[in-house]
Amino acid sequence: MSNLFLRTLRDDPSDAEVPSHKLLVRAGYIRRAAPGGFTWLPLGFIVLRNVERIVREEMDAAGFQEVHFPALLPKEPYEASGRWVEYGPNLFRLQDRHGADHLLAPTHEEMFTLLVKGLYGSYKDLPLSIYQIQTKYRDEARPRAGLLRGREFVMKDSYSFDVDDEGLQRSYDRHREAYIKTFERLGLPFVIVSAMSGAMGGSASEEFLTPLDVGEDTFIRCTKCDFAANTEAVEVPAPAAVPLDGLAEAVVCDTPGTPTIQTLVDFFNGSDELRRADREWTAADTLKNVVVKLRHPDGSSEVLAIGVPGDREVDQKRLEAQVAPAEVEPFDEADFAANPALVKGYIGPGVLGSESASGIRYLLDPRVVEGTQWITGADENGKHVMNLTAGRDFTADGVIQAAEVLDGDACPNCGGHVEIARGIEMGHIFQLGRKYAEALDLKVQDESGKQVTVTMGSYGIGVSRAVAALAETNHDDSGLVWPREVAPADVHLVIAGKEGGPQRPAAEQLAAEMEAAGARVLFDDREGVSPGVRFKDAELIGVPTIVVCGRGIDADDPNKSLVEVKDRRSGERVDMPLADVVPHITSLL
C-alpha cells in the first residue's frame, strides 16, 4: 500500500446519499468526476473487473459469444427504429464536424440487428446469442446515489436471434438461467419480477431486483404464492359490472370547503342528510380526477385526466410506464387558467373525455366499472355529485393501470395478499419479438426457402451498478465487507509494531509466501502510519480476511510466532502460528 494510488477518508462526502456511495468514496474505490460520472481508482477498478469476469464467464459458459461495438453511433439506425425520437432527452445527441448526427449509445439493439443482418441469411445460422460488456450513456435528469443512477455506466447487453417464437422462448430461458447463476456467484440476493418493457419494446419482460430500501424500483410479492412484479407492471383485474337497474339517481350536493378527499369524506359523514345508515363514507367511495400534461418526444403536449378511487394516489412511475415514451409533467396554475372548465378541487367526469367540451382525454382505473357509484366533483366550486354511476352517468376514453398499489392488496395471481418492497434493478430480460428486425429488415431464409423475419431477445446486466449493489448489501458500521470472489484482494496484511521491529520482515516474507500460494495480498507496508489507522483502513476497505503481524511475532524463534487472522464478515479473530497462515488462507480460496 505504500505505492498504491489510494487515499481513504474519515468523513462521508457531502454529496453522498446512500451507503454504497459514501463507502466507495471513503474507501478509495471511486472518485466523482462530474454529475453522474465517476473515476475508478485502482481498488475499485479491480472490483469492477472481477464483476465483469464473473458475468463474462457465465455468458461464455451458456454458449453466448462476445463482440464489442463503439459507443459513438450514427443516427440512422435509431431513426429507423423510432428510438431517435422516442428516447427523448435521455439520449446524448451530438454532431461531428461535418454536421452528421450521432449519439452515445444507451443500448445497442439496432447495431446488433444490423451486424447479424450483414453476416447471416439462413435459418441454419440460427439460433445465435451474442453479447458485449461496454460503457453506456443516458442523460439522466437527476443522477443520484453514486453508481446506482449515473449518466455513464458499464453494462452487459446480449441479444438472441431465432427463426420463430419457440426458439425465442428457448433463448430467453437460457439467458434467464445464466442470469440466476451469475447473480448467485456474485453473492447478490435477487427476486425475479414481471416488468414493463418500456422504451425497449417487446412483450415478455422480467427484472432481477436486489431487495434494498434505497432502491428506486417498487415491487410486490405475494405472501401466499410465488407471484412477484414490479409495481409498474401490476395489472389490477376489473371487478364484475353492477346491474344498473334500481340504482339511486345522481344528486348534486353543496359541499363548501371540501377541495380534498379527506375534507369531502368528513363533510359527508358529518351531514345528517348525507350520512350513510349502514356505515361511514370512506375515501374509497370517492372518485378522484387527476390532471397531468404529457410531453411527447416530438415536442407536442397533451392534457390527460386520470380517474382513480379516492383512497389511492396516482403512482407517478406506473403512469410514466403506461404513457411512455411521453413524459409526465405537472398541471400547474397556468394550465388551470387555460382550461376554465376544470375547477380545481372539484373536477368531475362531466367535463372530461375526448367528446366533451374540454376535449381532454379521460382514462379510468379498472375498478371503476359499469354500475359502480361514486362521490366526485360536480365541476362547480363548492359542489360534488353523489351516486354518479359509471356507464350510466359518465364514460371514459379507456382504462389505465396508474393507481398506486398498496400493501395488503389482492394478488392478481391467486387472490392472496401482497407486500410492498423496494429494490435495485440488476438485470432485465426481454422478449423483443420482431420490432427491431422489422424496422431494419432482418430476415433469413427458412427451411422452405421463404424469407422470414427474425425474432429477437434482449438481456442486460448492470455491471457497474452491481459494484454499488454489492457495497449496499455487504457493509457494516466499520466499512465494506466484500464477497471474496469480487474483493480487490483475498488478504489484507497489516503490520502492527514499532519501526525496526521484527514485524516488518515477518510480514514481508508472509506476503511473498501467500502470493506464491495464489492468494491476492493487499499489504499495508506504509511507514509513519499508526497501527490504529491501519486497522481502520483495513475495516473500511473490506477485504474478506485481515492478517495482523503484531506483538505475537517472535524475533528469536519464528516457530513460536503468532499472527492474528480475522474474518472481516463475522469479526472472528484467531491467533494462529505463523507457519499455519498460508495453508489456512489457501483453504479459503
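This section reports on the structure supplied with the text. Note that the structure is a prediction, hence the values are computed from the model and not measured.

## Comments concerning the overall build of the protein chain
Turning to step 1, where the next piece is worked out: When its secondary structure is counted, the protein chain shows 14 helices and 31 strands.
Turning to step 2, where the next piece is worked out: Dimensions of the protein chain, computed from the C-alpha atoms along their principal axes, are close to 100 × 70 × 50 Å.
Turning to step 3, where the next piece is worked out: Sorting the 589 residues of the protein chain into buried and exposed places 52% on the buried side.
Turning to step 4, where the next piece is worked out: A sequence separation of at least 24 residues applies to 68% of the contacts in the protein chain between residues at least 6 apart.
Turning to step 5, where the next piece is worked out: Here the protein chain has roughly 26500 Å² of accessible surface; of this, 49% comes from carbon and sulfur atoms.

## Topic: helix α14 (residues 578-588)
Turning to step 1, where the next piece is worked out: Turning to α14, its buried residues are Leu-578, Val-581, Val-582 and Ile-585. Looking down the long axis of α14, one finds its buried residues gathered within 90° of arc, a one-sided arrangement. What points out from α14, more than 90 degrees from its buried face, is the exposed set Ala-579 and Ser-587.
Turning to step 2, where the next piece is worked out: In this fold, the buried residues of α14 make contact with β27 (491-495), α12 (503-516), β29 (545-549), β30 (562-567) and β31 (573-577).

## Some remarks on the nonpolar core
Turning to step 1, where the next piece is worked out: With 55 residues, the main nonpolar core has Leu-24, Tyr-29, Val-51 and Trp-482 as its most contacted residues.
Turning to step 2, where the next piece is worked out: Discounting chain neighbours no more than four positions away, the residues touching Tyr-29 are Leu-24, Thr-39, Trp-40, Leu-41, Leu-43, Gly-44, Val-47, Leu-480, Trp-482, Pro-488 and Ile-541.
Turning to step 3, where the next piece is worked out: Counting 25 residues, the second-largest nonpolar core is a separate cluster that includes Tyr-87, Met-111, Phe-112 and Met-456.

## Things to note about the sheet that holds β30
Turning to step 1, where the next piece is worked out: Reading across the sheet, the five strands line up as β28-β27-β29-β30-β31 and stay open at both edges, with mixed pairing between neighbours. Edge positions in the sheet fall to β28 (521-524) and β31, since each of these pairs with one other strand and no more. The average undirected angle you get between the axes of adjacent strands in this sheet is 25°.
Turning to step 2, where the next piece is worked out: Note that β27 and β29 share five bridges and pair parallel. In the sheet register, Ile-495 faces β29, and the bridge partner there is Cys-549.

## A look at the pattern of salt bridges
Turning to step 1, where the next piece is worked out: Within the structure shown, the criterion is met by 49 salt bridges.
Turning to step 2, where the next piece is worked out: In this structure, Glu-57 and Arg-185 form a salt bridge, with 2.8 Å as the shortest nitrogen-oxygen distance. Residue Glu-57 is found in helix α2 (residues 42-61), and its partner Arg-185 is found in helix α6 (residues 165-186); the two are separated by 128 residues along the sequence.
Turning to step 3, where the next piece is worked out: Relative accessible area serves as the criterion here: at 34%, Glu-57 is assigned to the partly exposed category.

## Re the packing of α2 against α6
Turning to step 1, where the next piece is worked out: At a minimum axis distance of 9 Å, the contact between α2 and α6 shows a crossing angle of 150°. The angle between α2 and α6 places the two elements in the roughly antiparallel class. The way α2 lies across α6 gives a crossing that is right-handed. Facing α2, whose interface residues are Val-51, Arg-53, Ile-54, Val-55, Glu-57, Glu-58 and Met-59, α6 presents Ala-178, Tyr-179, Lys-181, Thr-182, Arg-185 and Leu-186.

Conventions adopted
- Residues numbered from 1 in each chain as written.
- Predicted model: local features only at pLDDT ≥ 70, side-chain atom pairs only at ≥ 80, totals over all residues.
- Heavy atoms only, no water.
- Helix = DSSP H or I, 4+ residues; strand = E, 2+ residues; numbered from the N terminus.
- Buried < 20%, exposed > 50% of the residue type's maximum accessible area, 1.4 Å probe, protein only.
- Contact = heavy atoms within 4.5 Å.
- Areas by Shrake-Rupley, 256 points an atom, 1.4 Å probe, with all protein chains shown as cover.
- Arc of directions from axis to C-beta.
- Core = buried A, V, L, I, M, F, W, Y, C linked by side-chain atoms within 4.5 Å.
- Pairing = 2+ DSSP bridges.
- Axes fitted to C-alpha atoms, helices over the stretch in contact; angles between N-to-C directions.
- Salt bridge = Lys/Arg side-chain N within 4 Å of Asp/Glu carboxyl O.
- Parallel < 35°, antiparallel > 145°, perpendicular 65-115°, else oblique.
- Left-handed = near helix turned anticlockwise from the far one by under 90°.

Shape descriptors only; they carry no functional weight alone.
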